[in-house]
Amino acid sequence: MPILQVTDLSKTYGTGDAAVHALRGASFSLEKGEFAAVVGESGSGKSTLLNCIGGLETPTAGQVIIDGQPLFELDEERRTLFRRRRIGFVFQSFHLIAELNVEQNILFPLLLDGRRPDGDELEELLATLGLAERRHHLPGQLSGGQQQRVAIGRALMTRPALILADEPTGNLDRRNSREVMELLTRASRLYGQTVLMITHNSELAAGADRVLRVSDGVLTDLGGAEG
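Residues numbered from 1 in each chain as written. Predicted model: local features only at pLDDT ≥ 70, side-chain atom pairs only at ≥ 80, totals over all residues. Heavy atoms only, no water.

Focus on the pattern of salt bridges
Moving on, step 1. Scanning the model with the defined rule gives 12 salt bridges in all.
Moving on, step 2. A salt bridge links Glu34 to Arg210; the shortest N-O distance between them is 3.2 Å. Taken together, the positions of Glu34 in the loop between strand S2 (20–30) and strand S3 (35–39) and Arg210 in strand S9 (residues 210–215) put the pair 176 residues apart, joining distant regions of the chain.
Moving on, step 3. For Glu34, a relative accessible area of 15% translates into the label buried.
Moving on, step 4. Owing to a relative accessible area of 13%, Arg210 belongs among the buried residues under this scheme.
Moving on, step 5. Of the charged contacts, one joins Arg175 and Glu179 as a salt bridge, the two residues approaching to 3.0 Å between their closest N and O atoms. One end of the pair, Arg175, and the other, Glu179, are both in helix H6 (residues 174–190), four residues apart, so they sit about a helical turn from each other.
Moving on, step 6. Glu179 gets classed as partly exposed once you look at its relative accessible area, which sits at 27%. (Salt bridge = Lys/Arg side-chain N within 4 Å of Asp/Glu carboxyl O. Helix = DSSP H or I, 4+ residues; strand = E, 2+ residues; numbered from the N terminus. Buried < 20%, exposed > 50% of the residue type's maximum accessible area, 1.4 Å probe, protein only.)

Here it is as structure tokens:
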């Protein structure tokens, strides 16, 4: 069974002549461990797609099923809990808590959920991210690339069914962008994570298993990454 199933997903803002059709009947699925990139022009509907899949926005029509759970059959409270436990988010702006160090930021979703962290898993993750020696540093003491690694660690720590990454390299230089892409790819392989990533970078998209293009709200599955 696919980890993610999106069926006839549509999102319209406004009504009548003022209506904007941000998504028009998008359908696709992702298997466990699959890494897909979403490409398209600014304003094409990519972020709306990601926000609907992550339950941050409610679609006008259609269905999102994550790990067998129809997302919008849950009420808002249960959907928030499901999102915290089963979906990992990586944003362009990092969204780290300035007063918490690297280790605390990574563990934050577990602590918020009242769950006891596994020390061995944390050590393995810190090593994978190359952050073991910076575990007690605050975000302000880290480079942009290191901050994004912390954000990836935070998304991975709960072992979510799905990771949604919205332009995760948008604020990084080329070298750090490549490193972040390698980390996401390694996480997909090492932990069997399913990753859906928005990117404007065709070089990064070429490293994904599949490429999905959104144009004027219409999604097209391009299959294997564009060369």
